[in-house]
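If you want the building blocks of each chain, they are given just below.
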Amino acid sequence: MLKGGPEIEKGASITVETVLQSIEQTESWWGQLQALMQQGKPVKGFISDVIEVWSQLEIAAQNLQSQLPQNPAEAAKIKALWIISAPGTYFQASKQDRYVSKPWSRWMDRQRINYALQIGRKLAEMKLGHPISNNWADAERELTEQGPLVVYNGTPAENAAVLEAKKAPWFRIPEANIYPGNKILVISPIADIDNTVDQIKSFHLPPVFDINLRDEIGVVLHAPQAVRFLYMLANFQETVPEGANMRVFALPTPEGGFPEYPMQELRGTTYYRFIANPPIAAESPYPFKNLSS
């Protein structure tokens, strides 16, 4: 279903009309969607809303600082960072999956992991009131005490790469992103993970974990997939600890990925809302924060 989109003139904006055109040109379920629109289903309104969410996330993704909390008290509320795995692994640019032929998807998994570790360090620095030490023994202590838990759940190959990296973070992780292995949780799924729904269903925090009402979980992924993730998460709300809020730390669409990447995610979100039975995507996204909202 998630195929490459039709050619759109470079620089053109994504609209409801271009999304519908993309579905018509690439998807076997276009006839079903047409029939639903003729029956009065709010397909166009839904797509318009989804585009707006993507635009908001894409704007925020251009500047990490804009996504961070503004003071130590707000930083202290972010108890965990949840990385949604992506094409490639931490040590491989790509792997044999549906994205292997997409040059823009290379190293996406490593980008997300490093971005999460960078965010974790910045949050710790806000709470400490000073930069993380350049001495690893001191930095490890500071990050262990003040850094959020970083949670990763992917395929066995993806998980294995993160487990390998965290064994010797001072050696395998870039110095600017180095993070203690004891603050990185890799979730081993009961069954192999194939898609975003599998990742949502398999997510969990440790049995004894200090997360309270209005604390936050930051989710780290690229802006286009963040849209589909949020609409799916709204259908699986039991995944989120009761009373916790979600904050999105989005990465921008990779160079060369526009319009193909956001377009495929917009098509996918539409499919999971109107064609999948039962629907996997909800009518509206799970409530989230970004842009220091």
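Residues numbered from 1 in each chain as written. Predicted model: local features only at pLDDT ≥ 70, side-chain atom pairs only at ≥ 80, totals over all residues. Heavy atoms only, no water.

Attention now goes to the packing of helix H1 (residues 16–26) against helix H12 (residues 260–274). Interhelical geometry of H1 versus H12 gives an angle of 80° and a closest axis separation of 10 Å. The orientation of H1 with respect to H12, classified from their angle, is roughly perpendicular. The residues of H12 that touch H1, namely those facing Thr18, Val19, Ser22, Ile23 and Thr26, are Met263, Leu266, Arg267 and Thr270. Taken together, the residues that form the contact of H1 with H12 break down as 4 nonpolar, 4 polar and 1 charged. (Axes fitted to C-alpha atoms, helices over the stretch in contact; angles between N-to-C directions. Helix = DSSP H or I, 4+ residues; strand = E, 2+ residues; numbered from the N terminus. Parallel < 35°, antiparallel > 145°, perpendicular 65-115°, else oblique. Contact = heavy atoms within 4.5 Å. Nonpolar A, V, L, I, M, F, W, Y, C, P; charged D, E, K, R; others polar.)

Before going further, it helps to spend a moment on the side chain of asparagine 177. Its place among the elements puts asparagine 177 in the loop between helix H9 (169–172) and strand E3 (184–186). When residues no more than four places from it in sequence are discounted, the contact partners of asparagine 177 are Asn114, Leu117, Gln118 and Arg121.

Moving on, we come to the environment of leucine 123. Among the structural elements, leucine 123 can be located in helix H6 (residues 108–128). Look at leucine 123 and you get buried, because its relative accessible area is 1%. For the pair leucine 123 and lysine 77, spaced 46 residues apart in sequence, the C-alpha separation works out to 9.9 Å. Setting aside chain neighbours within four positions, we find leucine 123 in contact with Leu68, Pro69, Ala75, Ile78, Leu81 and Pro148. (Buried < 20%, exposed > 50% of the residue type's maximum accessible area, 1.4 Å probe, protein only.)

A separate point is H1. The α-helix advances 3.6 residues per turn, and as a result positions three or four apart in sequence lie on the same side. Those residues of H1 lying buried are Val16, Thr18, Val19, Leu20, Ser22, Ile23 and Thr26. Buried residues along H1 sit in contact with helix H2 (30–38), helix H3 (43–61) and H12.

Once that is clear, we can look at the side chain of glutamine 199. With respect to the helices and strands, the residue glutamine 199 is situated in helix H10 (residues 196–202). Setting aside anything within four residues of it in sequence, one finds glutamine 199 in contact with Trp82, Ile84, Ser85, Asn153, Gly154 and Ile193.

Here we come to the pairing of strand E5 (residues 245–251). Burial runs high along E5: 6 of the 7 residues are buried. Two elements, strand E4 (residues 216–222) and E5, share 7 bridges in a ladder whose sense is parallel. When the bridges of E5 are listed, histidine 222 appears paired with leucine 251. As a crossover connection, the stretch from E4 through helix H11 (residues 223–233) into E5 is right-handed. Bridge count for E5 against strand E6 (residues 288–289) is 2 bridges, and the pairing is parallel. Looking across to E6, one finds that methionine 246 is bridged to phenylalanine 288. (Pairing = 2+ DSSP bridges. Right-handed = clockwise from strand over helix to strand, strands pointing away.)

Before going further, it helps to examine the sheet that holds E6. The 6 strands lie next to each other as E3-E2-E1-E4-E5-E6, forming an open sheet whose pairing is parallel. Strands at the two margins of the open sheet, each flanked by one partner only, are E3 and E6. Across the sheet, helix H8 (residues 156–167) is in contact with strand E2 (149–153) and E3; its angle to E3 comes to roughly 150°. Where H11 meets the sheet, its contacts fall on strand E1 (78–84), E4, E5 and E6, and the angle it forms with E4 comes to roughly 135°.

Per the stated rule, a full pass over the model turns up 13 salt bridges. Between lysine 79 and aspartate 215 there is a salt bridge; the shortest N-O distance is 2.9 Å. Placement of lysine 79 in strand E1 and of aspartate 215 in the loop between H10 and E4 is noted, with a sequence separation of 136 residues between them. Taken individually, lysine 79 and aspartate 215 each receive the classification buried, so the pair is uniform in this respect. Notably, a salt bridge pairs lysine 167 with glutamate 164, separated by 3.6 Å at the nearest N-O pair. In this pair, lysine 167 and glutamate 164 are both assigned in helix H8, 3 residues apart and thus about one turn of the helix distant. Using a relative accessible area of 61% as the deciding quantity, one classes lysine 167 as exposed. Judged by relative accessible area, which is 33%, glutamate 164 ranks as partly exposed. Salt bridges sharing common partners tie together Lys79, Asp210 and Asp215. (Salt bridge = Lys/Arg side-chain N within 4 Å of Asp/Glu carboxyl O.)

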